[in-house]
Structure formats: structure tokens, C-alpha cells
Amino acid sequence: MTAQHAEEILTNLKQQLEVKHTAMKNMNKEEKRICRENERLKREVDEYKKKLLLAEIGNGIKQIPLLNKRNLDQKSSDQRVSPTKEIEVKNVKAAPKPVVPINTNNKISDVDLSKLNIRVGFVKSAKKHPDADTIIIATDMGEEKPRNMLSSLVGSLALFEIEGRMGVFLCNLKPAKLRGILSEGMILEANGRDKVELLKPPQGSVPGDCVMCAK
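Residues numbered from 1 in each chain as written. Predicted model: local features only at pLDDT ≥ 70, side-chain atom pairs only at ≥ 80, totals over all residues. Heavy atoms only, no water.

Moving on, we get to the pairing of strand S4 (residues 166–170). Across the five residues of S4, four count as buried, placing the element largely inside the fold. Across five bridges, strand S1 (residues 118–128) lies against S4 in antiparallel orientation. Bridge pairing links Ile118 to Leu170 in S4. (Buried < 20%, exposed > 50% of the residue type's maximum accessible area, 1.4 Å probe, protein only. Helix = DSSP H or I, 4+ residues; strand = E, 2+ residues; numbered from the N terminus. Pairing = 2+ DSSP bridges.)

Given below as C-alpha cells:
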């Protein structure tokens, strides 16, 4: 690069810088002019607003002041409804309860024992229900297959006190399921003061024998 060529490059750069500097000065002047114009327009708008307000007042138009956010919040707070106070009630007597007459003619009818199918059975097995607080009793009632009966004797009798014994059963209860196990009857027991015992059939009884109850 020759000295003359370098001089030309420097001259060109100086010219470009001068152009940019001039443009920046012009931009600053334009910005200042716009700011001055905005201020002038703002003053004119305020002046026209004052003139309009005076004209409305002169024509009898009522002026309503504008509420700012702070005033609106204060007004809303003042207009809140206070919570209802509890009123203490004194010397108020409750209305007397109506007296329901007792019907002495209604009597509980005696149980018809002839409708109960009570039979002798043999407990083949007794085991705890896996999902309930009951005992599953498989009972030979002299039928083709044993019946399962659920009992709430848990805690009253041990399993060995039930299994392998003759007992008395109510057989014509409606079958019902408990946690997947069908119960087809009820084992009968006697509740004493200190313990619970299974009812014992007469000596010589066999599964399926009918038990008759005398009044």
C-alpha cells in the first residue's frame, strides 16, 4: 500500500465520520424540536380543557369529580357490610314437646316356632374368615353337600371348641354373602354369665334330625 493510497482511505473515513456526526446533530435537533412541539400541544390542550370547563359551568352543567383508584378503594371499604352480630336470646322458653299417646292395644305377637327349620348338624371344619371377623363353619346337615355358615363366635369360642362337634342349626334363613362367602344358616348357642356354649342336641341325634320346640 502506497502513502498516497493510505491518505485517500483516511480522507474517506474522515468524510464518513463527518456525515455521521452531522446526521446525529440533525437527529438531536429534530428530537428537541419534537419535545418542544409536544410541550406546546400539551399546554394548548390544557388551555382548551379549562375553557370547556368554564363554558359547561356557564351553561349550568353539573361537574362530577373523577375518583382515582385510592378513592374508589376507600369508598368500597366504607360501604362493606359489617358482619351480623349474634343476638343473645334470654328468657325464651322452648315449646313443649308433643306427647305421643301410647297404644296399649299393640302387642308383640309370639314367635311362631313352627316356622323355624331347626335341625341337628355336625361341624366338619371351622376356620377364620380371611377378610372378616367371623368364623366359617362347614356343616354336615345330612344333605348331599355340606353347608357353609358364618358365625360371630370369634373371641367367644376357640375353633377347636366348634370343630368336630354336634350342634343345633337354624336352616331356613335367607342365604347371604359376606366378603365372598355364602352363609346358608346359623349355628345356635347359649349365652351364660361367664361364657358361651353351643346348643347340644339330644344324645343319639344324627345330622338332619329335626328339632321340635315345645311351648
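The discussion continues.
Within the open sheet, the five strands sit side by side as S3-S2-S1-S4-S7. Their pairing is antiparallel. Bordering the open sheet on either side are strand S3 (147–151) and strand S7 (186–187), each of which pairs with just one other strand. When strand S2 (residues 135–140) meets S3, the two strands line up antiparallel, connected through five bridges. By the bridge assignment for S3, Ala138 is matched with Asn148.

Let us look at the side chain of Ser183. Structurally, Ser183 is set in strand S6 (residues 181–183). Side-chain polar atoms of Ser183 contact the backbone nitrogen of Leu150, separated by 3.1 Å. Excluding residues within four positions of it along the chain, Ser183 makes contact with Asn148, Met149, Leu150, Pro175 and Ala176. (Polar contact = N/O pair within 3.5 Å; in protein donor to acceptor, adjacent residues only side chain to side chain. Contact = heavy atoms within 4.5 Å.)

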